[in-house]
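# Breakdown of the fold
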Amino acid sequence: MTLLGHTFRHTFHLARHLSSNAGGESEYEEPVEHPCRYQGATKRLVTSDGSERVTEAVLFTFVEVRAEDYVYPPGADVDDYGAGRQPLRVTPRFNLAGDLDHYEVYL
């Protein structure tokens, strides 16, 4: 059981990255709904590609999210591609026993 599981009152949609073509266009699976905790969090961080960016929110979830996946935050319209975004950074968090507890997804 996760330390934060009882706080997962929101839902988000995750579209897994399938492939990229030679032109750099990505193909994604259909978005799937998952539970999460979502909160606004303005924070400066270094992204997975090494650039410095500012986050607007952080999403806590049980589901593994990768940097190349596409995330639709709570309340976003999954039919509107522009409503989602790729995570700036994904950080796995572990419980006191050393087991994976949840992921922090910075958007």
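Just above, that's the structure.
This write-up is about the structure you can find in this document.

What counts, and at which threshold
Residues numbered from 1 in each chain as written. Predicted model: local features only at pLDDT ≥ 70, side-chain atom pairs only at ≥ 80, totals over all residues. Heavy atoms only, no water. Helix = DSSP H or I, 4+ residues; strand = E, 2+ residues; numbered from the N terminus. Rg over C-alpha atoms; globule rule 2.2 N^0.38 Å. Buried < 20%, exposed > 50% of the residue type's maximum accessible area, 1.4 Å probe, protein only. Contact = heavy atoms within 4.5 Å. Areas by Shrake-Rupley, 256 points an atom, 1.4 Å probe, with all protein chains shown as cover. Polar contact = N/O pair within 3.5 Å; in protein donor to acceptor, adjacent residues only side chain to side chain. Core = buried A, V, L, I, M, F, W, Y, C linked by side-chain atoms within 4.5 Å.

A few words on the overall build of the protein chain. The helix and strand inventory of the protein chain stands at zero helices and eight strands. If you list the helices and strands of the protein chain from N to C, you get β-β-β-β-β-β-β-β. By the compact-globule yardstick of 13 Å for 107 residues, the protein chain fits well, its C-alpha radius of gyration being 14 Å. Principal axes of the C-alpha set define a box for the protein chain whose edges measure 45 × 30 × 25 Å. Per-residue burial for the protein chain yields a buried fraction of 36% across its 107 residues. Partitioning the intrachain contacts of the protein chain with sequence separation of at least 6 by distance along the chain shows that 49% fall at a separation of at least 24. For the protein chain, the exposed area adds up to about 6,400 Å²; of that, 47% sits on carbon and sulfur atoms.

For the rest of this paragraph, the subject is the side chain of His 102. Mapping His 102 onto the fold places it in strand S8 (residues 100-106). Engagement of the side chain of His 102 in a polar contact is seen with the side chain of Asp 101, the distance being 2.7 Å.

Glancing now at the nonpolar core. With nine residues, the main nonpolar core is built from Phe 12, Leu 14, Cys 36, Leu 59, Val 63, Val 65, Val 71, Val 105 and Leu 107. Aside from chain neighbours lying at most four places away, what touches Val 71 is Phe 12, His 13, Leu 14, Leu 59, Val 65, Gly 84, Arg 85, Pro 87 and Leu 107. Judged by nonpolar contacts, the second largest core, of seven residues, contains Phe 8, Ala 41, Phe 60 and Leu 88.

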